[in-house]
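# Working through the structure, step by step
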Amino acid sequence: MNQIVAITMPKFGLSMTEGKIASWARPEGTKIAVGDEIADIETTKITNAYESPVAGVLRRHVAHEQEDLPVGALIAVVADPAVPDAEIDAFVERFRAEFATRAPEAEAAAPEPRTVEVHGRPMRYLELGAEHEERPIVLIHGFGGDLNNWLFVQPGLAERNRVIALDLPGHGGSGRQVGAGDLGTLSAAVAGLLDSIDVPKAHLVGHSLGAAVALRTALDRPAHVASVTLVCPAGLGTEIDEAFTQDFITASRRKQLEPVLAKLFVDAGLVSRDMMEDLLRFKRLDGAREALTAIQNANFAGGQREVLRGRLGELGDIPVQVIWGAEDRIIPPQQAEGLPAGVAVHVLPGAGHMPHMEKAADVSRLIQAFVARAM
Amino acid sequence: MSRKSFRQAINEALRQEMRRDPRVVIMGEDVAGGAGSPGEDDAWGGVLGVTKGLVGEFGRQRVLDTPLSESAYVGAAAGAAATGLRPVAELMFVDFIGVCFDQIFNQAAKFRYMFGGHAVTPMVVRTMYGAGFRAASQHSQCLYPIVTHIPGLKVVIPSSAYEAKGLLIQAIRDDDPVIFFENKVQYDQEEEVPDDPYTIPFGEANLTREGDDLTIVAFGRMVQVANEAADRLARDGISCNVVDPRTTSPLDTGTILDCVADTGRLVIVDEASPRCNMATDVSALVAQEAFDALKAPIRMVCPPHVPVPFAPNLEDLYVPNADRVEAAVRAVMRHQGR
C-alpha cells in the first residue's frame, strides 16, 4: 500500500471558510485509525476535535498550529511508512498547486437554507444529502438555538441520509410568532413543515426543548416517525435550570451572555466571540425577545411544564434512544435513569448540555448507527 | 440576510419604520426631489440617494421636500415631534447645523425639561459628517462633539451598515431628540445586514476587537481605522481592545473604564477637530476615574486644528489613518513607567 492520502481542512457548518489547527493531537509518525482524534481545529465559531477519516501513518503535519487555512486546504498527509519522504514532498507540492487553482469553485456550491410558509408563517430549514433515498433525519434544536447548532453533525450524517435541520418558530430564520409557544404548538409547526416539504416519515433527532418537541411529535403522529433520538432532552422530568433560560433572554451584551453560555459546555473556552455575536444579533430582532419569553413561560416557568416520561409506552415499536452529556448543568442527566427497558441510554463523559457540539463525533456515530438499525 | 450597503441599511430602516408606524415622516432638502416642479419625481432621494424610493411607497404626505431652510424644517420637525408625529429630518451636511442651533439646542433639547416632563420630542436629525469626500471645509466637518455637549440630545455615530440600521430604528423609536451621524465616505460599504427590523440599544459600547495590551476607543468611521491598526498590531503580538461607543450621548463610560482597567493603556481615535472633541472628553473621563490603572500617558489620534483642506493630498493627510493609530499604539507600548 504505497498510497498517499490527503487530509484537508474540514468545513464545519455553512459559514466556515477557513480554520486553523489549534493543536495537533497526534505527532508525525503515529499510526492512526479511522475516528482517532488527530487535531483540534479552531474556527471563529468554535473549536472542535477533528477525527481522522482514514487509517494509516500520520506522516506529515502540513499545517502549522495557529496557521489560518481555507476549507479544503491540505493539513496533513497519511501514508505507509514505506513511502519515501521525497514522494510526500512532491505530493504536498502538487496538491497545493492544484488547490490554488480550484479553491473558488468549492465555495460557490455551499448549500443555502430555504424558507417555506407553514400555517402562514415562515419556517427555515437546511437540507443536505437530498440525493439519498433513505428515510430522512430531521434535526430539531433547543431553546434559543437554531439549525446551525448541528453544524458538526449534519454534514457527516448527510453522507448517507437526507438530513433536514430546521428552525423552530421564534428561532433563527423562522417567523417569530410562536402562538402559545408550548410543545403542542411547536410540534404542530414541525409537522406542518415536514408535510409541506414532502417528508412523510422521518427519524427525529431533538436537542433539549427540541427533544421534547420531537417526542411530542412522535406521540401526536406516530405513523410519521421512524425513530426518536433525544439529546439532553426536556420532557423527561420537571427539573431544569430556569435561571439559564431567563438569563439567556435578558442578556443583551457579550459580557452578560458569556457566563450564561458557559453553563452549556464543560469547556467554557468553546464560547466564542462569534457565537455570542450571532446570538446577540438574533436577540436584537423585533419580536425575538417576546418569542423566547413566550416559549420560556409555556415550557419552563417554575420547572418543566410538560413531562412526557409516562407516555413513552405509547410509542409502541418506534425506537427511542437518549444521549446525554454527563456534565449537563441545564437538565440533569439523572433524568435518563429509570426509563423503559427498550430505551437505549448513552451518557457521554466530557460533555455538558451541548454534546452535539462538544462531542460531535460520538453523537454522530450514535445517531448514524441508531438510524441504520431503525430503517 | 444579505449584504447591504450603509446607504441601503439606512433606507431599509426608514422604510420599515414608516411601514410599522404611520406617525413616522421624513423631511429635508430633496429627500425625494421634484416637489412642486415639472421635473422628474424622486429625482434625488436625498443628495446622495439615501432616501430614494421612499416617496413612491409613502407619498408626498410623508416624504416632504422642504425649502432650502434648515431653520424652518428642523424647527418644523421639533414642533411636529412635540405634537404627535415622529419626524426624521435630513440635515444634509452637519456643517449647516449652525442656522438651526436654536431649534435644536433651545427648543427640541429642552422641551422635556421646560414642560416639566410632560412633553416628549421623538425627532431624529439624520446628518452627514466627515472628511475624505473632496467636499472642502464647509461640507466635511464632524461636529458631533458640539451636539454631545448639549444635555437633552442623544447622539449616535454608527460605524458600519449593520450598526446603522439597528441604531436608526432605535433612534426613531426613542422619545428624545436624536442627532444621527452618517459618514458619507461609508455609504457604499457593504456587510451582512438582517432583512428584518432590529434595534441596538443606546449607551452600550461594542467591542469590535478584544485584546489585553491596550484599549483603542474610536468613533464612527474611525472604528474601521482602529480595527485595521489592531489587526496589523496583532500580527506583531500587540493585542488591542477596540471600543466603539456607538453613541456619544449617552456614553458607555463603564465599558471604557473596564477596558482601561484591563489593559492600562489608552489610545483614542477621533476624526473631530482636536480641541474639545470626544477624544479629550474620554481622556478626561479616564484621567479622573482610572488614573491608577494607567501604565502610560493617554494618546489621542485626531486631525490637526485646521479647517478640512480641499487639496486632496492635504485632505488625505488630515484624516487619521491606520498608520497613525499604529504609531500611537506603539509609542504608548514603548513608554517606560516611573
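Residues numbered from 1 in each chain as written. Chains lettered and ligands numbered in written order. Predicted model: local features only at pLDDT ≥ 70, side-chain atom pairs only at ≥ 80, totals over all residues. Heavy atoms only, no water.

## A few points about the overall build of chain A
If you tally the helices and strands in chain A, you get 10 helices and 16 strands. In terms of C-alpha radius of gyration, chain A reaches 21 Å, essentially the compact-globule figure of 21 Å for 375 residues. The principal-axis extents of the C-alpha atoms in chain A amount to approximately 65 × 45 × 40 Å. Here chain A holds 375 residues, and 55% of them are scored as buried. (Helix = DSSP H or I, 4+ residues; strand = E, 2+ residues; numbered from the N terminus. Rg over C-alpha atoms; globule rule 2.2 N^0.38 Å. Buried < 20%, exposed > 50% of the residue type's maximum accessible area, 1.4 Å probe, protein only.)

## As for the domain arrangement of chain B
All names here are of chain B. Per the domain assignment, the segments of chain B are domain 1 (2-193) and domain 2 (206-334). A C-alpha centroid distance of 27 Å is found between domain 1 and domain 2. In this complex, domain 1 contributes 26 residues to the contact, which on the side of domain 2 involves 26 residues. Together, the buried faces of domain 1 and domain 2 total about 2100 Å²; carbon and sulfur atoms form 53% of this surface. (Domains from an automatic or database assignment. Contact = heavy atoms within 4.5 Å. Buried area = accessible area lost by both parts, 1.4 Å probe.)

## Quick notes on the domain arrangement of chain A
Think of interface size as the accessible area that goes away when the parts come together; that is how it is often given. Residue and element names in this part refer to chain A. Domain boundaries assigned for chain A yield domain 1 (4-108) and domain 2 (114-374). The gap between the C-alpha centroids of domain 1 and domain 2 is 31 Å. Taken together, the contact between domain 1 and domain 2 spans 9 residues of the former and 13 residues of the latter. Buried area between domain 1 and domain 2, both sides added, is near 1100 Å², and the carbon and sulfur share of it is 58%. Where domain 1 packs against domain 2, one counts 1 salt bridge. (Salt bridge = Lys/Arg side-chain N within 4 Å of Asp/Glu carboxyl O.)

## Comments concerning the interface of chain A and chain B
Facing the 11 residues of chain A at the interface are 21 residues of chain B. Interface area for chain A against chain B, summed over the two sides, is near 1300 Å², with a carbon-plus-sulfur share of 31%. When the buried surface of chain A facing chain B is broken down by residue, R253, R284 and D286 of chain A rank first, second and third, together holding 45% of it. When residues of the side of chain A that touches chain B are assigned to their parent elements, the largest contribution, 4 residues, is made by helix α7 (residues 273-284) of chain A. Class assignment for the residues of the side of chain A that touches chain B results in 1 nonpolar, 1 polar and 9 charged. (Nonpolar A, V, L, I, M, F, W, Y, C, P; charged D, E, K, R; others polar.)

## What about the sheet that holds strand β1 (residues 4-8) of chain A?
Residue and element names in this part refer to chain A. With respect to topology, 4 strands assemble into an open sheet ordered β1-β8-β6-β3, the strand pairing being antiparallel. Two strands bound the open sheet, and with one partner strand each, they are β1 and β3 (30-32). Strand-to-strand twist of the sheet, defined as the mean angle between neighbouring strand axes without regard to direction, takes the value 40°. One ladder, built from 4 bridges, connects strand β6 (residues 56-61) with strand β8 (residues 74-79); its direction is antiparallel. Each bridged residue has a counterpart across the sheet, and for H61 the counterpart in β8 is A76. (Pairing = 2+ DSSP bridges. Axes fitted to C-alpha atoms, helices over the stretch in contact; angles between N-to-C directions.)

## Some remarks on the UniProt feature "domain: Transketolase-like pyrimidine-binding" (unreviewed entry) in chain B
With numbering matched to this structure, UniProt assigns "domain: Transketolase-like pyrimidine-binding" (unreviewed entry) to residues 4-189 of chain B. As annotated, residues 4-189 of chain B comprises 34% helix and 18% strand, and the C-alpha atoms at either end are separated by 8 Å. (UniProt positions renumbered as here; feature names shortened; annotations may be inferred.)

## Side note on the environment of A158 of chain A
All names here are of chain A. Inspection of the secondary structure assignment puts A158 in the loop between α2 (154-157) and β12 (163-166). Note on A158: relative accessible area 9%, which makes it buried. Taking the C-alpha atoms as reference, A158 lies 31 Å from P27; in sequence the two are 131 residues apart. In this view, A158 contacts L128, G129, E131, H132 and V163; residues no more than four positions away in its chain are not counted.

## Here we look at the sheet that holds strand β9 (residues 206-209) of chain B
Residues and elements named next belong to chain B. Taken together, the 5 strands give an open sheet; going across it, the order is β9-β11-β10-β13-β14, and neighbouring strands pair in mixed fashion. Unpaired on one side and paired on the other, β9 and β14 (299-301) mark the two borders of the sheet. Adjacent strand axes in the sheet meet at a mean angle of 25°, parallel and antiparallel pairs treated alike. Those strands touched by helix α10 (residues 278-289) are β13 (266-269) and β14, and its axis lies near 155° from that of β13. Together, β10 (214-218), β11 (240-244), β13 and β14 form the strand contacts of helix α12 (residues 322-334), whose direction differs from that of β14 by roughly 175°.

## Side note on the pairing of strand β10 (residues 121-128) of chain A
All names here are of chain A. Along β10, 6 of the 8 residues are buried, which leaves the element largely enclosed by surrounding structure. In terms of strand pairing, strand β9 (residues 114-118) meets β10 through 5 bridges, oriented antiparallel. Residue pairing for β10: E117 is matched across the bridge by P122. Counting the residues in the hairpin turn of β9 and β10 gives 2 residues, including H119, whose phi is positive at 50°. One ladder, built from 4 bridges, connects β10 with β12; its direction is antiparallel. Across the sheet, residue Y125 finds its bridge partner in β12, namely L166.

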